[in-house]
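In case you want the letters, here they are:
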Amino acid sequence: MRQGAPPRCPLNGSRGLLPVDGYAGFGGLVTGAANDAPTLAFCWAHARRKFYDVHTATQSPLAFEALQRIGALYVIEADIRGQSADQRRQARQQRSRPLVEAMHVWLTGQLERISGRSALAQAIRYAFNHWEGLIRFLDDGRLELDTNTVERAMRPVALGRKNALFAG
């Protein structure tokens, strides 16, 4: 059930880093005391998908620019894959942080120029609403840029459960 209700699981009351997508229910995990809740690290692939959908539907050059900027982060991640967490953090501080900061300034400027009701404005607001969690990877080399690895690992379980509905 993805209706915004907090996940009922052993994570409630735990601390640490939790890579997540934009599902609203995860917000319920962090509403407690700051030292008794996980820290959410949001997924760049989910933020990217919002811009991709706008670009596919409208051929918006601004959405394309956002995709290019996010793509530059993935190029850096490919370069540092396999390095230690500390090496990844250092590389991100030097290479990714300036790109992310420039992207924030650029997105802010674009949001001021476009209609607030447009799909592009919604994509930008999605990124801004999750910004703190999106940039968390910059300061922690243990985090991945997105949750794709975790989602790929969970997919067989979900498919198996769905396929079991048709058994017998």
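First, a word on scope: everything that follows refers to the structure included in this document. (Residues numbered from 1 in each chain as written. Predicted model: local features only at pLDDT ≥ 70, side-chain atom pairs only at ≥ 80, totals over all residues. Heavy atoms only, no water.)

1. Focus: the packing of aromatic side chains
Think of a pair of aromatic rings as described by two things: how far the centres are apart, and how the planes are tilted against each other in angle.
Then, in step 1: Summed over all chains, the structure comprises three aromatic pairs.
Then, in step 2: Both rings, one in Trp-44 and one in Trp-131, keep their centres 5.8 Å apart while their planes meet at 75°; by these two values the pair is edge-to-face. Placement of the pair is Trp-44 in helix H1 (residues 44-58) and Trp-131 in helix H5 (residues 131-134), with a sequence separation of 87 residues. The pair formed by Trp-44 and Trp-131 is uniform in burial state, with each residue classed as buried.
Then, in step 3: Ring centres 6.5 Å apart and planes at 85° place the aromatic pair Trp-44 and Phe-137 in the edge-to-face group. One end of the pair, Trp-44, is in helix H1; the other, Phe-137, is in the loop between H5 and helix H6 (148-164), with 93 residues separating them in the sequence.
Then, in step 4: Classification of Trp-44 as buried rests on a relative accessible area of 1%. (Phe/Tyr/Trp six-rings, centres within 6.5 Å; stacked < 30°, edge-to-face > 60°. Helix = DSSP H or I, 4+ residues; strand = E, 2+ residues; numbered from the N terminus. Buried < 20%, exposed > 50% of the residue type's maximum accessible area, 1.4 Å probe, protein only.)

2. Section: the packing of helix H2 (residues 61-80) against helix H3 (residues 85-113)
Then, in step 1: Contact pair H2 / H3: the axes reach a minimum separation of 10 Å and the direction vectors enclose 175°. With respect to their mutual orientation, H2 and H3 come out roughly antiparallel. In contact with Leu-62, Glu-65, Ala-66, Arg-69, Ile-70, Ala-72, Leu-73, Ile-76, Glu-77, Asp-79 and Ile-80 of H2, H3 contributes Arg-88, Ala-91, Arg-92, Arg-95, Ser-96, Leu-99, Val-100, Ala-102, Met-103, Trp-106, Gln-110 and Arg-113. (Axes fitted to C-alpha atoms, helices over the stretch in contact; angles between N-to-C directions. Parallel < 35°, antiparallel > 145°, perpendicular 65-115°, else oblique. Contact = heavy atoms within 4.5 Å.)

3. A short note on the nonpolar core
Then, in step 1: Judged by nonpolar contacts, the single largest core of 27 residues is most densely connected at Trp-44, Phe-51, Met-103, Leu-107, Trp-131, Leu-134 and Phe-137.
Then, in step 2: Among the elements of the structure, strand E2 (38-42), H1, H2, H3, helix H4 (119-129) and H5 are those that each provide at least two residues to this core.
Then, in step 3: Once residues lying within four places of it in the same chain are set aside, the contact partners of Met-103 are Trp-44, Arg-69, Ile-70, Leu-73 and Trp-131. (Core = buried A, V, L, I, M, F, W, Y, C linked by side-chain atoms within 4.5 Å.)

4. Thoughts on H3
Then, in step 1: If you check H3, its first and last C-alpha atoms are 39 Å apart, about what 29 residues at 1.5 Å a residue would give, namely 42 Å.
Then, in step 2: Residue Ser-96 marks the point of greatest curvature in H3, where the axis turns by about 45°; the proline Pro-98 follows within four residues.
Then, in step 3: Arg-88, Ala-91, Arg-92, Ser-96, Arg-97, Val-100, Met-103, Trp-106, Leu-107 and Gln-110 are the residues of H3 that are buried. (Expected span 1.5 Å × (residues − 1). Bend = angle between axes of the 7 residues up to and from the residue.)

5. Description of the pattern of salt bridges
Oppositely charged side chains may form a pair once their charged atoms are brought near each other.
Then, in step 1: In total, this model carries nine salt bridges according to the counting rule given.
Then, in step 2: Of the charged contacts, one joins Arg-95 and Asp-79 as a salt bridge, the two residues approaching to 2.8 Å between their closest N and O atoms. One end of the pair, Arg-95, is in helix H3; the other, Asp-79, is in helix H2, and 16 residues separate them in sequence.
Then, in step 3: Judged by relative accessible area, Arg-95 falls into the partly exposed class, the value being 36%.
Then, in step 4: Here Arg-136 makes a salt bridge to Glu-132, at a shortest N to O gap of 3.0 Å.
Then, in step 5: One salt-bridge network, held together by shared partners, links Arg-97, Glu-101 and Asp-139. (Salt bridge = Lys/Arg side-chain N within 4 Å of Asp/Glu carboxyl O.)

6. With respect to the packing of H1 against H2
Then, in step 1: Running from amino to carboxyl end, H1 crosses H2 at an angle of 150°, the nearest separation of the two axes being 8 Å. On the basis of their axis angle, the class for H1 and H2 is roughly antiparallel. The element H1 and its partner H2 pack so that their crossing is left-handed. For the pair formed by H1 and H2, the contact residues are Trp-44, Ala-45, Arg-48, Phe-51, Tyr-52, Val-54 and His-55 on the first element and Ala-63, Phe-64, Ala-66, Leu-67, Ile-70, Leu-73 and Tyr-74 on the second.
Then, in step 2: Residue classes in the contact of H1 with H2 are distributed as 12 nonpolar, one polar and one charged. (Left-handed = near helix turned anticlockwise from the far one by under 90°. Nonpolar A, V, L, I, M, F, W, Y, C, P; charged D, E, K, R; others polar.)

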